[in-house]
Amino acid sequence: MRQPLENVRYWRSDDLDGLETNRVLRSAHTFPKHTHDQYAVGLMEEGANYCHGRSRRGSVVVGGQVCLFNPGEVHSGEPERGVPATYRMFYADPRWLRRMAAELGGRDAGPPDFRRLIVPDADVLRAFLRLSDLVADGAELLARQSAMVGAFSLVLARHGGVRPETVTTRDGNAAVRRVRAYLAERLAHKVTLEDLAEATGLSRFHMLRVFRDATGMTPHAYHTQLRVDRAKLLLRRGWAMADAAQETGFVDQSHFANTFRRYVGATPGQYLSR
């Protein structure tokens, strides 16, 4: 008997090329065999699900594992031994993922193909958990875009048969310099991953990789650091907190104060206290 699906939350992100995500908490719901038009990535957090095929052998995903479905692939979802499961799902548009694979590999080799249904990959799991948290928290666009490209690039490279193209050291160094300059000139502006890729002439994936390798930070984290540093200077010059927040591109004082405290270890008021 099927149980009603409870404790589920969906997020749909038009600004992330239609990415749809959900999180299901302690559900005993049984899904019939079905397919999706999109690529689907599932993260099993707790419990276990039988998810595919005529036999349970090799088709049970357990906590800490990732399941991967190509578009049109028939699968089901049945809690193993009726134990409630907690998991997250991600549904990506096939056209977007094909473009991502072409950027990653340097050529369009056709639709990506996940070779294995279930993979025990802690790095992929962490990357998608981060993406899920950023989407659920309504994080800034650059942060969400970077996490999405990072997570799907990783799963394509490890489990989708895509071999990443290499970037020369010279091109990488030039790209890092351009990203630094671009972000420094736009402290109060929203910046997208596409903006940075266009500024460097690299793909989104390669731009992210060379920047992180060179700085140890994502472009979003670097941009935020620059904005906080500028806000500190404005506050020392006597600017009101609301004006400093607006000048450095924070959406409101609460967002500004929380971000400031995370990077500085003190609130703006504590920073100015003597």
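**What to know about the environment of Phe 152**
Alright, step 1. Position of Phe 152 relative to the elements: it lies in helix 3 (residues 141–159).
Alright, step 2. Look at Phe 152 and you get buried, because its relative accessible area is 0%.
Alright, step 3. Note: C-alpha distance between Phe 152 and Lys 33 (119 residues apart in sequence) is 25 Å.
Alright, step 4. Excluding residues that lie within four positions of it along the chain, Phe 152 makes contacts with Leu 19, Val 41, Phe 90, Ala 92, Trp 96, Leu 97, Phe 128 and Leu 131.

**A look at unusual backbone geometry**
Alright, step 1. Within the chain, Asp 17 stands out as a residue other than glycine whose phi angle is a positive 55°.
Alright, step 2. Relative to the helices and strands, Asp 17 is located in the loop between strand 1 (8–13) and strand 2 (19–27).
Alright, step 3. Take Asp 17: its relative accessible area is 37%, and that puts it in the partly exposed class.
Alright, step 4. Despite not being glycine, Arg 26 shows a phi value in the positive range, around 45°.
Alright, step 5. For Arg 26, the location among the structural elements is in strand 2.

**Some thoughts on the packing of helix 4 (residues 169–184) against helix 6 (residues 204–215)**
Alright, step 1. Two elements in contact, helix 4 and helix 6, have axes separated by 9 Å at closest approach and are oriented at 85°. As summarised for this structure, helix 4 and helix 6 are arranged roughly perpendicular, according to the angle between their axes. Seen from helix 4, the contacting residues are Gly 172, Ala 175, Val 176, Val 179 and Arg 180; seen from helix 6, they are Met 207, Val 210, Phe 211, Ala 214 and Thr 215.
Alright, step 2. For the contact of helix 4 with helix 6, the per-class residue count stands at seven nonpolar, two polar and one charged.

**Observations concerning the pairing of strand 8 (residues 75–79)**
Along a regular strand, successive side chains alternate from one face of the sheet to the other.
Alright, step 1. Within strand 8, four of the five residues are buried, which leaves it mostly tucked inside the rest of the structure.
Alright, step 2. Here strand 3 (residues 31–34) runs beside strand 8; their pairing, made up of two bridges, is antiparallel. Among the inter-strand pairings, Phe 31 is bridged to a residue of strand 8, identified as Gly 77.

**Re the packing of helix 3 against helix 6**
Alright, step 1. Two numbers describe how helix 3 lies on helix 6: the axes approach to 10 Å, and their chain directions differ by 100°. When the axes of helix 3 and helix 6 are compared, the pair comes out roughly perpendicular. Mapping the contact onto sequence places Ser 146, Val 149 and Ser 153 in helix 3 and Arg 204, Phe 205 and Leu 208 in helix 6.
Alright, step 2. Taken together, the residues of the contact of helix 3 with helix 6 sort by class into three nonpolar, two polar and one charged.

**What about the sheet that holds strand 5 (residues 48–50)?**
Alright, step 1. Across the sheet, four strands lie side by side as 3-8-5-6; this open sheet has antiparallel pairing. Edge positions in the sheet fall to strand 3 and strand 6 (60–62), since each has one partner strand and no second. Pairs of neighbouring strands in the sheet enclose a mean axial angle of 25°, with direction left out of account.
Alright, step 2. Pairing analysis gives three bridges linking strand 5 to strand 6, with the strands arranged antiparallel. For Tyr 50, the partnering residue across the bridge sits in strand 6 and is Val 60.

**What to know about the sheet that holds strand 7 (residues 66–69)**
Alright, step 1. The antiparallel open sheet is built from six strands, whose spatial order is 1-2-9-4-7-10. Two strands bound the open sheet, and with one partner strand each, they are strand 1 and strand 10 (118–119).
Alright, step 2. As paired elements, strand 4 (residues 39–46) and strand 9 (residues 85–92) share seven bridges and run antiparallel to each other. If you follow Glu 46 over to strand 9, its bridge partner there is Thr 86.

**Description of helix 3**
Alright, step 1. Here helix 3 contains 19 residues, and its C-alpha end-to-end distance of 27 Å stays within 8% of the 27 Å for a straight helix at 1.5 Å per residue.
Alright, step 2. Where burial is concerned, most of helix 3 is hidden: 14 out of the 19 residues are buried.
Alright, step 3. At the exit of helix 3 stands Gly 161, carrying a positive phi of roughly 70°.

Thresholds applied
- Residues numbered from 1 in each chain as written.
- Predicted model: local features only at pLDDT ≥ 70, side-chain atom pairs only at ≥ 80, totals over all residues.
- Heavy atoms only, no water.
- Helix = DSSP H or I, 4+ residues; strand = E, 2+ residues; numbered from the N terminus.
- Buried < 20%, exposed > 50% of the residue type's maximum accessible area, 1.4 Å probe, protein only.
- Contact = heavy atoms within 4.5 Å.
- Axes fitted to C-alpha atoms, helices over the stretch in contact; angles between N-to-C directions.
- Parallel < 35°, antiparallel > 145°, perpendicular 65-115°, else oblique.
- Nonpolar A, V, L, I, M, F, W, Y, C, P; charged D, E, K, R; others polar.
- Pairing = 2+ DSSP bridges.
- Expected span 1.5 Å × (residues − 1).

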